[in-house]
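Fold and contact review
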Amino acid sequence: MGGQIILSHGSDSGPDATKVSVLAAFAESLGWKTQRPDYRADDAPGYAGSVDPRLQRLVAAIDALDAPPVLVGSSMGAFVSGLASLQRPVAGLFLLATPSEIPGYRQAFDVAEGVPSVLYHGWRDDVCPPGGVVAFAGRRRLPLIVVDDDHRLGDSVDRIVEQFGLFLTGLAA
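Residues numbered from 1 in each chain as written. Predicted model: local features only at pLDDT ≥ 70, side-chain atom pairs only at ≥ 80, totals over all residues. Heavy atoms only, no water.

1. Quick notes on the overall build of the chain
A count of helices and strands for the chain gives five helices and six strands. Traced from its N-terminal end to its C-terminal end, the chain shows the element sequence β-α-β-α-β-α-β-β-α-β-α. A compact globule built from 173 residues should have a C-alpha radius of gyration of about 16 Å, and the chain, at 14 Å, falls within 12% of that. Seen through its C-alpha atoms, the chain measures out along the principal axes to roughly 40 × 35 × 30 Å. (Helix = DSSP H or I, 4+ residues; strand = E, 2+ residues; numbered from the N terminus. Rg over C-alpha atoms; globule rule 2.2 N^0.38 Å.)

2. Focus: the environment of glycine 138
Secondary-structure assignment places glycine 138 in helix 4 (residues 130-140). Of the residues examined, glycine 138 reaches a relative accessible area of 32% and is grouped as partly exposed. Separated by 103 residues in sequence, glycine 138 and glutamine 35 have C-alpha atoms that sit 31 Å apart. (Buried < 20%, exposed > 50% of the residue type's maximum accessible area, 1.4 Å probe, protein only.)

3. Brief notes about the side chain of serine 74
With respect to the element layout, serine 74 can be found in strand 3 (residues 70-74). Under the relative-accessibility criterion, serine 74 is labelled buried at 8%. Other than its neighbours up to four places away in sequence, serine 74 contacts Ser8, His9, Gly10, Lys19 and Leu96. (Contact = heavy atoms within 4.5 Å.)

4. Quick look at the side chain of threonine 34
Note that threonine 34 resides in strand 2 (residues 32-35). Given a relative accessible area of 19%, threonine 34 falls into the buried group. Only 2.3 Å separates the side chain of threonine 34 from the side chain of glutamate 28, close enough to count as a polar contact. Contact partners of threonine 34, with chain neighbours within four places excluded, come to Gln4, Ile5, Leu7, Ala24, Ala27 and Glu28. (Polar contact = N/O pair within 3.5 Å; in protein donor to acceptor, adjacent residues only side chain to side chain.)

What follows is the structure, encoded as structure tokens:
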């Protein structure tokens, strides 16, 4: 196994956040190279105002690589990872607590057709209610795992790592 993974943290978080840190360490143990852009300065303008600066930072990170990466994102990081897949080739998308839209932003969540993707969400997510991502996954026929957890998915980290391992194994096959 191997390749490059870019992990994007959520708003009000950072590159050392629990989920992206655990997933990065796990991927590195399997031979993947990882990077975690720091979007904290990009988040200053608020949710809608942070999308474009985050997207520019993520696309620049993709452009600096010699092969399409796997994108992993949580919340706002998932949102911009999906949008980045519309602009640049990516090897896969593993997205957590994904908002179906950012109020005030011009575009709803979307992903490029044909990109291997998994969406993971909590039924009790009060920040990004599950209805939007459930509808999106249904329209696009994308794999969606919904668990009894909240937006932070703190009770699901072990299961997320397990699913991430299965996802990476599937990409390598």
